[in-house]
Amino acid sequence: MNRIKLVDLQRQYDTIKNELREAIDRTIGNTDFILGSEVERFEKNFAEMIGIPYAIGVSSGTSALLLSYLALGVDPGDKIITTPNTFIATVEPLILLGAEPIFVDIKDDGNINEDLIEERIDNGVKGIVAVHIYGKMVNMKKIRAIADRHNLFLVEDCAQAHLAESDGVKAGNFGDISCFSFYPGKNLGAYGDAGVIVTHNKDHYEKLKMLRNHGRKTKYEHTINGLGERMDGLQGAILNVKLKYLERWTKRRIEIAKIYNENLKNIANIDLPEVKDFEHVFHLYVVKVKKNRDKILNYLKEKGIGAGIHYPIPLHMQPVYYNRKYGKKYNDLPVSEDFAGRVISLPLFPEILNTEIKFLLKEFKNAVKKFG
Ligand SMILES: Cc1ncc(COP(=O)(O)O)c(C=O)c1O
């Protein structure tokens, strides 16, 4: 058993248990099981927090992406530019729709290299999906300009980037449509699957509301082909409670990242993430070691420290995609491949204790000195 987990959700529950129990009982009492008043309240509260007019509660981050791609008219054969350093859910729905992901290499911080995007754009390219990986903002000014110049749609995958911002504008405001996940371990996590889609565009909003709910106009009048991808009332109620704490929790994440950087800055053979307030909201604190990543991880495991790897295999090298035409054979991405072999995510969650931070830093330094 790890003494320090990568993420400890029990601790957060303990701090807000009474409020959560009350919200759960109330929702069940109202039999508000699918959509309903709690979800509507959450959509309003979340949209307000992000500073955007429209939010649509859905069943997961993956369904948020699928519905967004449907709303933007992704068709078989369309090419969509994205990053290989992301969770597979960014790309799965594109493949389901018959589209072809074009993987562009990444930069030192793990995000897509915006300077390599334009050389991959041809007539078949219809859109760009930008992912703020680990909670670090992609350079959206540049990518928005590229999308506009080439008349491409832009989706932001903000699954790891709740409250992240660039020049005071929050993630979710740059895309034509943007998607958030509330997977339990995310910076804002539900108690099951849930997600939300946000947009400035009223037409997208109206269409997405229908797409998530069987293309319904009225209960049994279906005007477009949709799906059943709605947010549960219980998740809406839980998220309404947790949303009040999100800013406080995010500040604590950034504070912990600063402590990590301060303590690790003089250690040889590791690269640290840059900490800029709210430009990175530290869903994950990811460092790069020079060598022996697996030995370092094993050492930490033996000490009871639950470090992770995000992600060990870039998407263009995943077995499921490897042999397809967008796999490695056609698409060498040297920075991504090197990156995947060197990254380590250290435990980071708002409730981690300073004594635990001290212990894990001491052991991480020992491991790097021994093997790195
Ligand atoms: C970058 C990214 N995109 C999409 C998803 C999919 O979200 P979900 O697990 O809520 O379906 C996740 C998280 O799981 C993610 O980290």
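Here the structure is a predicted model, which is why all the values come from computation and not from measurement.

Chemist: Residue-level account of the overall build of the chain, with values.
Modeler: When helices and strands are counted, the chain shows twelve helices and 14 strands. Relative to a compact globule of 372 residues, whose C-alpha radius of gyration would be 21 Å, the chain shows 21 Å and is just as compact. Taken over the C-alpha atoms alone, the chain extends approximately 65 × 55 × 35 Å along its principal axes. Taken over 372 residues, the chain has a buried fraction of 45%. Here the analysis covers contacts within the chain between residues at least 6 apart in sequence; of these, 69% occur between residues at least 24 apart.

Chemist: Give a description of helix α2 (residues 37-50) that names residues and reports values.
Modeler: For α2, with 14 residues, the first-to-last C-alpha span of 20 Å sits near the 20 Å given by 1.5 Å per residue. All of the buried residues in α2 are Glu38, Val39, Phe42, Glu43, Phe46 and Ile50. Along the axis of α2, the buried residues cluster in a sector spanning 135°; they form a single face. More than 90 degrees from the buried face of α2, the exposed residues found are Lys44 and Glu48.

Chemist: For the sheet that holds strand β13 (residues 285-289), give the residues involved together with the corresponding values.
Modeler: An order of β12-β13-β14 is seen for the three strands of this open sheet, with the pairing classed as antiparallel. The sheet terminates laterally at β12 (270-271) and β14 (343-346), the two strands that pair on one side only.

Chemist: Tell me about the site of the ligand, and please be specific about residues and values.
Modeler: As a structural note, the neighbourhood of the ligand is formed by 15 residues, with Gly61, Thr62, Ala89, Ala159 and Ser181 the closest of them. Grouping the amino acids of the shell around the ligand by side-chain chemistry returns five nonpolar, eight polar and two charged.

Chemist: Please set out the pairing of strand β9 (residues 195-199) residue by residue, giving values where relevant.
Modeler: In terms of burial, β9 is a largely internal element, five of the five residues being buried. Side-chain alternation along β9 places Gly195, Ile197 and Thr199 on one buried face and Val196 and Val198 on a second face that is also buried. Judged from the five bridges that link them, strand β1 (residues 54-58) and β9 form a sheet pairing that is antiparallel. Each residue of the ladder has a partner; that of Ile56, found in β9, is Ile197.

Chemist: Now, about the environment of Leu243: what can you tell me, with residues and values included?
Modeler: Assignment of secondary structure puts Leu243 in helix α7 (residues 233-243). As a C-alpha pair, Leu243 and Met49 span 194 residues in sequence and 9.0 Å in three-dimensional space. If we ignore the near neighbours within four places in the chain, the residues touching Leu243 are Asn45, Phe46, Met49 and Leu188.

Chemist: Give a description of the nonpolar core that names residues and reports values.
Modeler: Counting 102 residues, the largest nonpolar core has Leu67, Ile128, Ala130, Leu154, Val196, Ile197 and Leu346 as its most contacted members. Of all the elements, helix α3 (residues 61-71) adds the most residues to this core, at seven residues. Here this core spans two domains, and each of domain 1 (9-243) and domain 2 (246-371) adds at least three residues to it.

Chemist: Before we move on, could you go through the packing of α3 against helix α6 (residues 202-211) and cite the residues and values that matter?
Modeler: Following both chains from N to C, one finds α3 and α6 inclined at 125°, their axes separated by 10 Å at the closest point. Between α3 and α6, the angle is such that the two are oblique. The interaxial crossing formed by α3 with α6 has right-handed handedness. In contact with Leu67, Leu70 and Ala71 of α3, α6 contributes His204, Lys207, Leu208 and Leu211. In the contact of α3 with α6, the residues fall into five nonpolar, one polar and one charged.

Chemist: Outline the domain arrangement of the chain, supporting the account with residue identities and numerical values.
Modeler: Often, the extent of an interface is quoted as the loss of accessible area upon association of its parts. Taken domain by domain, the chain consists of domain 1 (9-243) and domain 2 (246-371). Taken over C-alpha atoms, the centre of domain 1 sits 24 Å from the centre of domain 2. Across the contact, 32 residues belong to domain 1 and 27 residues belong to domain 2. Only α1 (9-29), β3 (100-103), β6 (165-166) and α7 provide two or more residues apiece to the side of domain 1 that touches domain 2. At four residues, β3 tops the list of elements feeding residues into the side of domain 1 that touches domain 2. The residue makeup of the side of domain 1 that touches domain 2, split by class, is 14 nonpolar, ten polar and eight charged.

Parameters and conventions
- Residues numbered from 1 in each chain as written.
- Predicted model: local features only at pLDDT ≥ 70, side-chain atom pairs only at ≥ 80, totals over all residues.
- Helix = DSSP H or I, 4+ residues; strand = E, 2+ residues; numbered from the N terminus.
- Rg over C-alpha atoms; globule rule 2.2 N^0.38 Å.
- Buried ≥ 20, exposed ≤ 12 C-beta atoms within 10 Å, placed from the backbone.
- Contact = placed C-beta atoms within 7 Å.
- Expected span 1.5 Å × (residues − 1).
- Arc of directions from axis to C-beta.
- Pairing = 2+ DSSP bridges.
- Near = placed C-beta within 6 Å.
- Nonpolar A, V, L, I, M, F, W, Y, C, P; charged D, E, K, R; others polar.
- Core = buried A, V, L, I, M, F, W, Y, C linked by C-beta atoms within 7 Å.
- Domains from an automatic or database assignment.
- Axes fitted to C-alpha atoms, helices over the stretch in contact; angles between N-to-C directions.
- Parallel < 35°, antiparallel > 145°, perpendicular 65-115°, else oblique.
- Left-handed = near helix turned anticlockwise from the far one by under 90°.

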